[in-house]
Amino acid sequence: AHRVLGDASAWSPTSAGQCPPGHFCPRGSADPRLCTNATWRNWTHASSRDDCAPCPAGYECVPGDPVPLPCPRGYYSPMGEDPIACPPHTYNNKLAQSAIEHCLDCPRGFFCEFEGTADYTAWPCWEGHFCNEKCDAPTPCPGGTYNTQVEQWNYTACDWCPEDFYCPAGSATPLACGAGGTG
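Residues numbered from 1 in each chain as written. Predicted model: local features only at pLDDT ≥ 70, side-chain atom pairs only at ≥ 80, totals over all residues. Heavy atoms only, no water.

**Description of unusual backbone geometry**
Definition in use: By definition, any uninterrupted DSSP run of H or I lasting at least four residues is a helix, any uninterrupted run of E lasting at least two residues is a strand, and each is numbered from the N terminus. Whether a residue is buried, partly exposed or exposed follows from its accessible area with a 1.4 Å probe, protein chains only, as a fraction of its type maximum: under 20%, in between, or over 50%, in that order.
Although it is not a glycine, His45 sits at a positive phi angle of roughly 70 degrees. Considering the arrangement of structural elements, one finds His45 in the loop between strand S3 (39–40) and strand S4 (53–54). On the accessibility criterion, His45 (54% relative accessible area) is exposed. Of note in the backbone geometry, Asp164 takes a positive phi value of approximately 75 degrees without being a glycine. When you line up the elements, Asp164 lands in the loop between strand S14 (159–160) and strand S15 (165–166). A relative accessible area of 52% places Asp164 in the exposed class.

Here is the structure:
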């Protein structure tokens, strides 16, 4: 009688049996061979690499694992491909996404400077700066202005520096002029 083995480590040429899920066993093979990246198989009796199916869209297939895993947040995975990181200036906060269209533009007031961003709220625009939609980096408020708030999205968030203070570019708070200084 043959046993169904889900773990290739339990299979051996002396015990033989059915080729385990996540693997294929060509005729005369001594050991099961892994279904490669971006393919999977959750049934027994595979005899060639062609018996391993392309990984479903939105999933990640680990070699030898008979169960596809949801594609992680910050990534998308077309059918038969390994997960691809969302490009910089975009984010994806959902599991099991299948196309680049699921990578959304980083909203204004935030900057997503790295690929694979899952949570744009981890990247708020800094005090003294503003971030337009899809910005490369926070833009400093111009000299003579300041901004005490985070998550601002345009230059109108930068307030004029008050009299008797100075505000270098990127100021979060006005600085008092020293003795003999000018405002």
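Now, onward.
**Section: the state of the cysteines**
Put simply, the rule reads: Defined by distance alone, a disulfide is two cysteine sulfur atoms within 2.5 Å.
If you walk through the whole model with that rule in mind, you get eight disulfides. Bridging Cys161 to Cys167, the disulfide has an S-S length of 2.1 Å. Measuring handedness by torsion sign, the sulfur bridge of Cys161 and Cys167 sits at about 75 degrees and is right-handed. Given the relative accessible area of 18%, Cys161 is considered buried. Cys71 carries a free sulfur, and the closest cysteine sulfur to it, the one in Cys86, is 8.3 Å from it. Note on Cys177: no disulfide assigned, nearest cysteine sulfur contributed by Cys161 at a separation of 7.5 Å.

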